[in-house]
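Structural features, examined
As a plain string of letters, each chain reads:
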Amino acid sequence: HKCQTMEPVCVETRALLIDAGAQVPKLREDGQPCDLKIHQAMRASDVDKLTAMNNEGVNFDCFDAVGFTPLMDATEQNQPAIAQLFITRMQVSVSAQAPDGTTALLIAAVTENPELVKMLLDAGANVEGGTGSSKRQTGKTPLIEATKLSNLAIVRLLLEANANPNVADVQGRT
C-alpha cells in the first residue's frame, strides 16, 4: 500500500512512528509540541480520553514534529467527530498552518471531504488556507486543490465562502 504524500513527510509513516513512541520534538518557535497521547487518543477515536485531557488543561493548539496540529491530523484521518470536538470543546485554531502552509481546510479539500470542509468554514477557517508567508510556501489553496480534483461539492462550498478564484499558486496557476 503506497502512502498518500502530504509535505513534508508521508502521514501514514508519521502516524506509525508516533504510535511506536517516537519523540515529538518542538519544531516551531511559534507553537508548543503536542503530547503524544493526543495523537494516540485521536487515532483511537477516544473522545473520553481527549475530553479528560482537555479537563486536565492539556493544550490542543500544538504541533507535532512536522508541524501538524491535532485538528489537521483528525481531518487527514477523516474523523469529523474528533475534529468537531477539537473545534468546539478544545477551541483550537482552525486556520493554523504547518511550515509548508498546509491547513486543516486544505487537507479537507485534498482528501475530498465536504463535511469537514463545511465544518471548518463554519468555524471560521481561512478560506484561502495555505496562502501564508512560510518560506517553503507552495501557494496551494483549498480551491485550487478541489478544482484539480474536480470536486464540485467542495468547489461550491469554497466559492460560497468567498474563496478567491484568482489566487495563484507559486507557479502562477489559478
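Predicted model, so just to flag it, every value in this text is computed and none were measured.

**Side note on the overall build of the protein**
- A tally of regular secondary structure across the protein gives 9 helices and 4 strands.
- Ordered by position from the N terminus, the helices and strands of the protein form the series β-β-α-β-α-α-β-α-α-α-α-α-α.
- Going through the 174 residues of the protein one by one, you find that 48% of them count as buried.
- Restricting the contact set of the protein to residue pairs at least 6 apart, pairs at least 24 apart contribute 65%.
- In the form shown here, the protein has an accessible surface area of approximately 8,800 Å², with 49% of it arising from carbon and sulfur atoms.

**Some words on the nonpolar core**
- Core analysis: the largest hydrophobic core is formed by 43 residues, its most contacted members being L50, F60, L71, F86, V117, L120 and L158.
- In this view, L71 contacts A83, F86, I87, V92, S93, V94, A104 and L120; residues no more than four positions away in its chain are not counted.

**Topic: the packing of helix 7 (residues 114–122) against helix 9 (residues 152–160)**
- Running from amino to carboxyl end, helix 7 crosses helix 9 at an angle of 10°, the nearest separation of the two axes being 9 Å. One element, helix 7, and the other, helix 9, form an angle in the roughly parallel class. Counting all contacts with helix 7, which are made through P114, V117, K118 and L121, the residues of helix 9 involved are I154, L157 and L158.
- Here the residues of the contact of helix 7 with helix 9 are counted per class, giving 6 nonpolar, no polar and 1 charged.

**Re the packing of helix 3 (residues 47–55) against helix 5 (residues 80–88)**
- The contact between helix 3 and helix 5 brings their axes to 11 Å, and the two run at 15°. As the angle between them shows, helix 3 and helix 5 are arranged roughly parallel. Of the two possible hands of crossing, helix 3 and helix 5 adopt the one that is right-handed. On the side of helix 3, the interface is formed by V47, L50 and T51, while helix 5 contributes I82, L85 and F86.
- Residue classes in the contact of helix 3 with helix 5 are distributed as 5 nonpolar, 1 polar and no charged.

**Points about unusual backbone geometry**
- Phi is positive for Q91, which is not a glycine, with a value near 50°.
- With phi around 55°, S150 is a residue other than glycine that occupies positive phi space.
- As for its placement among the helices and strands, S150 is situated in the loop between helix 8 (142–148) and helix 9.

**Considerations on the environment of K118**
- Its place among the elements puts K118 in helix 7.
- When its relative accessible area of 42% is taken as the criterion, K118 is described as partly exposed.
- For K118 and I154, which are 36 residues apart along the polypeptide, the C-alpha to C-alpha distance reads 8.4 Å.

**Thoughts on helix 2 (residues 36–43)**
- Of the residues making up helix 2, those classed as buried are L36, I38, H39, A41 and M42.
- Looking one or two residues past helix 2, S45 carries a phi angle of roughly 55°, positive in sign.

**What about the confidence of the model for the protein?**
- Scored by pLDDT, the protein has a mean of 79; 72% of the residues are at 70 or more.
- Looking across the protein, the model is least confident in strand 1 (residues 5–6), with a mean pLDDT of 42, and most confident in helix 7, with 97.
- Across residues 1–9, where pLDDT falls below 50, the model places 20 contacts with residues more than four positions away in sequence or in other chains.
- Note on residues 24–30: pLDDT under 50 across the span, and 22 contacts to partners over four residues away in sequence or across chains.

**Observations regarding helix 7**
- Of the residues making up helix 7, those classed as buried are L116, V117, M119, L120 and L121.
- Each element contacted by the buried residues of helix 7 is listed here: helix 4 (70–76), helix 5, helix 6 (104–110) and helix 9.
- For helix 7, the N-terminal capping position is held by N113, with its side-chain oxygen 3.1 Å away from the main-chain nitrogen of E115.
- Directly beyond the C-terminal end of helix 7, a positive phi value near 95° is found at G124.

Thresholds applied
Residues numbered from 1 in each chain as written. Predicted model: local features only at pLDDT ≥ 70, side-chain atom pairs only at ≥ 80, totals over all residues. Heavy atoms only, no water. Helix = DSSP H or I, 4+ residues; strand = E, 2+ residues; numbered from the N terminus. Buried < 20%, exposed > 50% of the residue type's maximum accessible area, 1.4 Å probe, protein only. Contact = heavy atoms within 4.5 Å. Areas by Shrake-Rupley, 256 points an atom, 1.4 Å probe, with all protein chains shown as cover. Core = buried A, V, L, I, M, F, W, Y, C linked by side-chain atoms within 4.5 Å. Axes fitted to C-alpha atoms, helices over the stretch in contact; angles between N-to-C directions. Parallel < 35°, antiparallel > 145°, perpendicular 65-115°, else oblique. Nonpolar A, V, L, I, M, F, W, Y, C, P; charged D, E, K, R; others polar. Left-handed = near helix turned anticlockwise from the far one by under 90°. pLDDT = per-residue confidence, 0-100. Polar contact = N/O pair within 3.5 Å; in protein donor to acceptor, adjacent residues only side chain to side chain.

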